[in-house]
Structure formats: structure tokens, C-alpha cells
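Single-letter residue listing:
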Amino acid sequence: MAQVGIIMGSNSDLPVMQQAIDFLKSIEIEVEVDIVSAHRTPEKLVDYSNNAHKRGIQVIIAGAGGAAHLPGMVASMSPLPVIGVPVKSRNSIDGWDSVLSILQMPGGVPVATVALDGALNAGILAAQIIGASDAKVLDKIIAYKEGLKQKVYKASEEVKNI
């Protein structure tokens, strides 16, 4: 049973969203990946949003470029936490249209928003949400963050030796 649903508006978003997929799989969180277009498959969007929690999904990561309606539309219908990943697409205005479309949600319809093309952070945030109630996942997040810290200490020592 997948714990995190990762959806995107089109397959052109996959190279960015792959960061979240890879991170979550690396810490043994199951993912369900699909393409759900807010504009081209609205019926699929409604079905996905209304039923993801019934399939065991605990967090949804939604990536979208351009007008980037996917994360907000999912959040408007799903009881699950939604993390939006603005994707800089070829039809984007330097990515700002995507960032603002995901970031500027009305009260009552929250979408956690990460940086432009920041799917890795979306994966980490999804794991942290799950880790709040799953000790095994929490331990993996703690180990991951310790690894980040150790990389900085190692780089610090290497720089001192230049």
C-alpha cells in the first residue's frame, strides 16, 4: 500500500518529480505515481482527490508548471496534506506563475509549497509528516539529517586543508 501519492500534470514534469520518488524510495516509503491533469482530465482529478486516502495514501505531492492548478484543486477536495511542487515548464514565465499559483491559496485550502523544481524537499517533507506518527520513518529522517550534517563537517575540513 502506497503511503505517498506523487502526481504531476504531464510526463514532462517527471524529471523534476523523480527527486521526490527517489528520496522516498531510498527510505523505504512506498509511492504511487501518476499523471493527473487539472485541465485535460478533470474527472480523473476529482476521483484521485476524493479517493487517495481510501487507498492508504497519507500525503500527496503534486507537481505542476504553468498555471499550476493541480495542487490547489487536489487540496480543495482531499482530506490529505498536499505538498505543491512548482515546476518551471517551457510555457512558464520563469516559473513565477507556477510558484504563485501554488503558493497563493485561499484560507481553508492549504498547500505546503516548496521551491521551484524543489521535489526533493517535497519528498523530505512528506516523509517528515509520516514520521510524526511512524517511529521507523522518523528514525530514517533523523539519519538523513545527520548525514547532511556530516557532509558539511567533511567539506569544512577539506576547505581548511586547501
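Our subject is the structure that appears above.
Remember, predicted model here, so these are calculated numbers, not experimental data. (Residues numbered from 1 in each chain as written. Predicted model: local features only at pLDDT ≥ 70, side-chain atom pairs only at ≥ 80, totals over all residues. Heavy atoms only, no water.)

*Asks:* I'd like a rundown of the packing of helix 1 (residues 14-26) against helix 5 (residues 119-131), residues and numbers included.
*Replies:* Pairs of packed helices are described in terms of their axes, by the angle between the two and the distance that separates them. It is at 7 Å that the axes of helix 1 and helix 5 come closest, and there the two elements cross at 35 degrees. Here helix 1 and helix 5 pass one another in a crossing that is right-handed. Counting all contacts with helix 1, which are made through V16, M17, Q19, A20, F23 and L24, the residues of helix 5 involved are A119, L120, G123, I124 and A127. Here the contact of helix 1 with helix 5 is built from residues that sort into nine nonpolar, two polar and no charged. (Axes fitted to C-alpha atoms, helices over the stretch in contact; angles between N-to-C directions. Helix = DSSP H or I, 4+ residues; strand = E, 2+ residues; numbered from the N terminus. Left-handed = near helix turned anticlockwise from the far one by under 90°. Contact = heavy atoms within 4.5 Å. Nonpolar A, V, L, I, M, F, W, Y, C, P; charged D, E, K, R; others polar.)

*Asks:* Explain the nonpolar core residue by residue, including any values.
*Replies:* Buried together is how nonpolar side chains tend to be arranged in soluble globular proteins. Ranked by size, the top nonpolar core spans 26 residues in total, and within it V4, I6, L24, I61 and V85 carry the most contacts. Counting only elements with at least two residues in this core, the list comes to strand 1 (4-8), helix 1, strand 3 (59-65), strand 4 (82-87), helix 5 and helix 6 (135-160). Setting aside chain neighbours within four positions, we find V85 in contact with V16, M17, I61, A62, G63, A64, I102, V114, D117, G118, A119 and A122. Of all hydrophobic cores here, the second largest spans 20 residues; its members include A64, L70, A75 and L80. (Core = buried A, V, L, I, M, F, W, Y, C linked by side-chain atoms within 4.5 Å. Buried < 20%, exposed > 50% of the residue type's maximum accessible area, 1.4 Å probe, protein only.)

*Asks:* Break down the pairing of strand 3 for me, citing the residues and quoting the values.
*Replies:* Most of strand 3 sits inside the fold, with six of its seven residues counted as buried. Pairing of strand 1 with strand 3, which is carried by five bridges, proceeds in the parallel orientation. Along strand 3, the bridge assignment pairs V4 with V59. Examined bridge by bridge, strand 3 and strand 4 share six bridges and lie parallel to one another. Each bridged residue has a counterpart across the sheet, and for I61 the counterpart in strand 4 is I83. (Pairing = 2+ DSSP bridges.)

*Asks:* Got a sec to walk through the environment of K160? Specific residues and values, please.
*Replies:* Looking at where K160 falls in the secondary structure, it is placed in helix 6. Linking K160 and D97, residues 63 residues apart in sequence, is a C-alpha distance of 42 Å.

*Asks:* I'd like a rundown of the pairing of strand 2 (residues 31-35), residues and numbers included.
*Replies:* Taken residue by residue, a regular strand's side chains alternate between the two faces of the sheet. Across five bridges, strand 1 lies against strand 2 in parallel orientation. Looking at the pairing, V4 lines up with V31 of strand 2.

*Asks:* Tell me about helix 4 (residues 96-103), and please be specific about residues and values.
*Replies:* Within helix 4 the residues assigned to the buried category are D97, S98, V99 and I102. Where helix 4 is buried, its residues meet strand 3, helix 3 (70-77), strand 4 and strand 5 (112-113).

*Asks:* Give a detailed account of the packing of helix 5 against helix 6, specifying residues and quantitative values.
*Replies:* The geometry of helix 5 relative to helix 6 is characterised by a closest axis approach of 8 Å and an angle of 140 degrees between their N-to-C directions. Our classification of the angle between helix 5 and helix 6 gives oblique. Remark: the crossing between helix 5 and helix 6 carries left-handed chirality. In contact with L120, I124, A127, Q128, I130 and G131 of helix 5, helix 6 contributes V137, L138, I141, Y144 and K145. (Parallel < 35°, antiparallel > 145°, perpendicular 65-115°, else oblique.)

*Asks:* Describe in detail the layout of surface pockets, supporting the description with residues and values.
*Replies:* Of the voids in this model, the largest pocket is the one considered here, and its volume is about 410 Å³. Along the wall of the largest pocket there are 21 residues; nearest its centre are S10, R40, G65, S89 and N91. Grouping the amino acids of the lining of the largest pocket by side-chain chemistry returns seven nonpolar, 10 polar and four charged. (1 Å grid on protein atoms, 1.4 Å probe; cavity = no way out; pocket = protein on both sides within 12 Å on 5 of 7 lines; lining within 4 Å. Points joined across faces, edges and corners; volume = space filled by probe spheres on them.)

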